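# Overview (structure and organization)
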Amino acid sequence: MKSNRYIGVATALMTCFVSAGPFEYCPSKAFLIQGTPAQMYGVDLVSAKTKVLAANLDFINEVNNESVNAVGFNYQDQYMYGFSKQAPKSVVRIGDDYSLERLDVNGLPDANFYVGDVHVNKGTNQAVYYLYNSRFGLYAIDLSQQGLEYQAVLVEGSANWGLAIYDFAFHPHSNLLYAVESDGDLYEIDLVTKVPKFLVNLDLAGDTGANGAGYFDVQGQFYFSNNRSGKIHKVDLNISPVSGYTPSAAVFTLGPTSNQNDGARCAVAEVKVTDNSIDFGDAPMPYKTALSSSGARHLFDPNEDQSNLVYLGTSVDGENINTTADLLASPVDSSDDGVKFVTDFVLGATSKIIVSSPNDKGYLYVWFDWDQNFQFDSDEMSLNKYKLNQGDNSILVDVPSDAVRGSTWARFRVTDGSEINPITATGGVSGGEVEDYLITTYGSLVYPSENSWVTLAYEDQWPFSGDYDFNDLVVNYRTTLMDKDGQATGYKIEGELVGIGADFHNSFAVRLYQTIVGDVDKRILRSQIDTSSIRLTVDGVTQSHSILEEDVEDAIFIIMPDTWDVADKQSSCSYFRTETGCDTNSKVSFTLSVALKSGVTTAAAPKYTLDPFIFAAQGYYHGEFLAGQNPRGWEVHLKNQKPTEKFNTALFSLVGSDDASNSLQKYYFQTDSGLPWAMEIGTAWAHPKEGIDITRAYSGFRSFAESSGRENPFWFNNAQLTNVISRGE
């Protein structure tokens, strides 16, 4: 603070009996006072290691039963100063033995102060202790001149600031004061203008609430601690006053939590790694890895006894990575051996990794930089405090369909699980390990697109026309072919069951098959499937039935053995989402992932719609014509799709049926006028209500079907709204 900023401060000073000596040097650690009665902690900002320095901050001749707050470190005389709530309320001085000494201060209102710091003006060598109360304002107490009494002076206009802050700190070089409100609003205060300046709202990723402790280091890095989460955020304020840039916050380390928190630190001390007991990540710049960028790091042996360690793989060790130069000099950590990648990372697919843990004490956090923006964003967290078992842990990771192809980095952090809130991809943690890995992502072919569906609609009266309302089974549907360097490596099939207007019980299946007009059909055989990779979930629940059908040559996956087993209809409804007001907002999602044993040339692999079909569920009546016959032999496919090996071809010639299939001409599942029993509509579709013939719901459908698609190609966009159910999106 410049000398002319502190006008009218009396300099008659008095100290009470002083027994505590000053600190011998300007300490690097941060001091943290918590609780009632007050306790003093020392926090290593690098490692997050916290040590109790004084279990009870007592007066020299008196037990203290109250809080001490608003502390600041005066590096001019090497004492801390604070405000004690113990009657009579008083300003106190704290020396190297952590005992409290009352100061005789005049001019303070009868109030409790919990915001404070000491400012040392380098030009005048004047030290001033500032106290703030949002109701009464900012008070200045000159500490530079010794005497019997101190005098507090109100800073003009400060009673009207109205700042909702719980601590502040002076910049070590610019004489400016900085504070963060509970919602993340950062303020800069110049005591010449005496007006707080709002700088920016810091994105704290939801870590809002009282920020009860604020510190600076000699490089102008501002740290503040959230009482509730214990997270200590860092803001680069190296340029002060702030001009021409926008400050941002990053979690620097994880400290102790408290509902009452205040901190102080020698603002001209450096924050740096001082030993090799801290493990850092290895992702290169501009990833946040080094200490200077609030990099991820773990004090892997917090108790300094080499026992009960939490890490991945076979070992953990430490290194000093203070700056980018340190990272470049030591880019590889030989102890990063806990993660193995079993399958490739293919867009839209599920990848398998093995994480090795020496015991069952670890909790795992994982991030992948899918968008390759050189940071691990919060929405790129794949695992959040995942409990590890001793030995190898098999973990599945879903690769986003919109991930960027190419080389990128993954970060794995393991802790002992004692943290109250989930950790982030940066910052320090006491205990555990961080391992970074370079990975490669590969492409995929998604049909119709990553964010849209086609609709499959089935009639289950085949080979008879039935009511022709095309709502016996309605499914939103999407397929993904995994591609690596021109080789198909697997498939992902997703969907949503959005309508069942059937009394019959139908199964839903997909064959990896693509019908090619005038050429050889493309197919994947059952023998080409890596059966260990098959994963099917329905409404998020992993399925355990025989998904890959047996006794066939083609690869056929039974998604739902009985669609009525997964769709619950309302008690007042006869069907699922085909009547007005029935299950309007319900749907049943499913995802099938499967890998091939070896790659198949993508050009030769089936793709796009594949062959989704329904067949009669085992154990249920499905019409007199099927009485006594194997229900699996009855199938309904899309128009001109060849049936599977298990189809009963005798049904093609059933007397009195409406089907006009002709295998010699490759006509399948259509009437003699070309009307189908199953359709693929190129969007999420509003299907007809129960008993409404599709030609009444969509007047253009008949001409479309009977003209083989030459007429009214967009018939599905013109619905009679009273005759359809809202879109199945």
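First, a word on what this report is: a plain description of the structure on this page. Please read these numbers as outputs of a predicted model, since none were measured by experiment. (Residues numbered from 1 in each chain as written. Predicted model: local features only at pLDDT ≥ 70, side-chain atom pairs only at ≥ 80, totals over all residues. Heavy atoms only, no water.)

## Quick notes on the overall build of the chain
If you tally the helices and strands in the chain, you get three helices and 46 strands. For 729 residues, the compact-globule estimate of 2.2 N^0.38 gives 27 Å, and the C-alpha radius of gyration of the chain, at 35 Å, exceeds that figure by more than 25%. Residues counted as buried form 56% of the 729 residues belonging to the chain. Within the chain, contacts between residues separated by at least 24 positions form 66% of all contacts whose residues are at least 6 apart in sequence. Taken as a whole, the chain presents about 29,200 Å² of accessible surface, with 47% of it coming from carbon and sulfur. (Helix = DSSP H or I, 4+ residues; strand = E, 2+ residues; numbered from the N terminus. Rg over C-alpha atoms; globule rule 2.2 N^0.38 Å. Buried < 20%, exposed > 50% of the residue type's maximum accessible area, 1.4 Å probe, protein only. Contact = heavy atoms within 4.5 Å. Areas by Shrake-Rupley, 256 points an atom, 1.4 Å probe, with all protein chains shown as cover.)

## Notes on the state of the cysteines
Enumeration according to the criterion identifies two disulfides in this entry. Note on cysteine connectivity: C26 is disulfide-linked to C266, with sulfurs 1.4 Å apart. Here the S-S torsion is close to -95°, and the disulfide linking C26 with C266 is therefore left-handed. Residue C26 is found in the segment before β1 (30-34), and its partner C266 is found in the loop between β21 (261-264) and β22 (278-280); the two are separated by 240 residues along the sequence. Each sulfur in the disulfide pair C573 and C582 lies 2.0 Å from the other. Disulfide C573 to C582: torsion about the S-S bond roughly -95°, handedness left-handed. Each bonded cysteine in the chain gets a number by its place in the sequence, and the pairs come out as 1-2, 3-4. (Disulfide = S-S within 2.5 Å.)

## Focus: the side chain of E181
Along the polypeptide, E181 turns up in the loop between β14 (177-180) and β15 (185-190). Look at E181: it is buried, it has no salt bridge, and the nearest opposite charge is R228 at 15 Å. E181 has contacts with G162, L163, A164, I165, Y187 and N211, leaving out every residue within four places of it along the chain. (Lys, Arg positive; Asp, Glu negative; His and termini not counted. Salt bridge = Lys/Arg side-chain N within 4 Å of Asp/Glu carboxyl O.)

## Quick notes on the packing of aromatic side chains
Under the criterion given, the structure shown has 50 aromatic pairs. Where Y468 meets F470, the ring centres are 4.8 Å apart and the plane angle is 75°; that geometry is what we call edge-to-face. Just as Y468 is buried, F470 falls in that class too. Judged by centre distance (6.3 Å) and plane angle (75°), the rings of F714 and F716 are edge-to-face. Following the ring pairs from residue to residue traces out a cluster consisting of Y468, F470, W685, Y698, F701, F704, F714, W715 and F716. Lying over the aromatic face of F59, R102 brings its terminal NZ or CZ to 4.1 Å of the ring centre. Its guanidinium or amino end placed over the ring of W564, K569 lies 5.3 Å from that ring's centre, counting from NZ or CZ. (Phe/Tyr/Trp six-rings, centres within 6.5 Å; stacked < 30°, edge-to-face > 60°. Lys NZ or Arg CZ within 6 Å of the ring centre and 35° of its normal.)

## As for a negative patch on the surface
Residues D371, D379, D402 and E450 make up a contiguous surface patch of negative charge. In this fold, D371 is placed in the loop between β27 (363-368) and β28 (381-387). (Patch = residues over 30% accessible without salt bridge, like charges linked within 9 Å, V, L, I, M, F, W, Y side chains within 5 Å. Charge placed at Lys NZ, Arg CZ, Asp CG, Glu CD.)

## Regarding the environment of K122
Turning to its location among the elements, K122 is positioned in the loop between β9 (115-121) and β10 (126-133). Considered as a pair, K122 and H173 are 51 residues apart in the sequence and their alpha carbons are 8.0 Å apart. Ignoring anything within four residues of it in the chain, the contact list for K122 reads Y75, P172, H173 and V268. From its side chain, K122 meets the backbone oxygen of P172 in a polar contact 3.4 Å long. (Polar contact = N/O pair within 3.5 Å; in protein donor to acceptor, adjacent residues only side chain to side chain.)

## Examining the pairing of β15
Within a regular strand, the side chains alternate between the two sheet faces. Along β15, five of the six residues are buried, which leaves the element largely enclosed by surrounding structure. Strand direction decides the pairing type here: β14 and β15, joined by four bridges, are antiparallel. For A179, the partnering residue across the bridge sits in β15 and is Y187. As consecutive antiparallel partners, β14 and β15 are separated by four residues, and within that stretch G184 has a phi angle of approximately 95°, a positive value. Pairing geometry for β15 and strand β16 (residues 195-201), over six bridges, is antiparallel. Bridging from a neighbouring strand, D185 pairs with N201 of β16. Linking β15 to β16, which pair antiparallel, is a turn of four residues; within it K194 sits at a positive phi near 60°. (Pairing = 2+ DSSP bridges.)

## So, the sheet that holds β15
Paired through backbone hydrogen bonds, the strands of a sheet run either parallel or antiparallel to each other. Read from one edge to the other, the open sheet built from four strands follows the order β13-β14-β15-β16, with strand pairing classed as antiparallel. The strands lining the two open edges of the sheet, one partner per strand, are β13 (169-170) and β16.

## Notes on the pattern of salt bridges
In this structure the tally under the stated criterion is 16 salt bridges. We note a salt bridge from K587 to E496, for which the minimum N-O separation is 3.6 Å. Residue K587 is located in the loop between β42 (556-560) and β43 (588-601), and its partner E496 is located in strand β36 (residues 487-499); the two are separated by 91 residues in the primary sequence.

## Quick notes on the sheet that holds strand β6 (residues 90-94)
Spatially, the four strands line up as an open sheet ordered β4-β5-β6-β7, and their pairing is antiparallel. A single partner strand is all that each edge strand has here, and the edge strands are β4 (68-74) and β7 (100-103). Taken pair by pair, the neighbouring strands of this sheet meet at an average axis angle of 30°, ignoring direction. Across five bridges, the pairing between β4 and strand β5 (residues 79-84) is antiparallel. Within β5, the residue paired with N69 across the bridge is F83. (Axes fitted to C-alpha atoms, helices over the stretch in contact; angles between N-to-C directions.)

## Here's the deal with the environment of L364
Summarising the element assignment, L364 is placed in strand β27. A residue is classified by how much of its surface remains accessible, and L364, at 0% relative accessible area, is buried. Counting along the chain gives 53 residues from L364 to Y311, while the straight-line C-alpha distance between them is 9.8 Å. Not counting chain neighbours up to four residues away, the residues in contact with L364 comprise L312, V355, L383, N384, K385, Y386, L388, I395, F412, R413 and V414.

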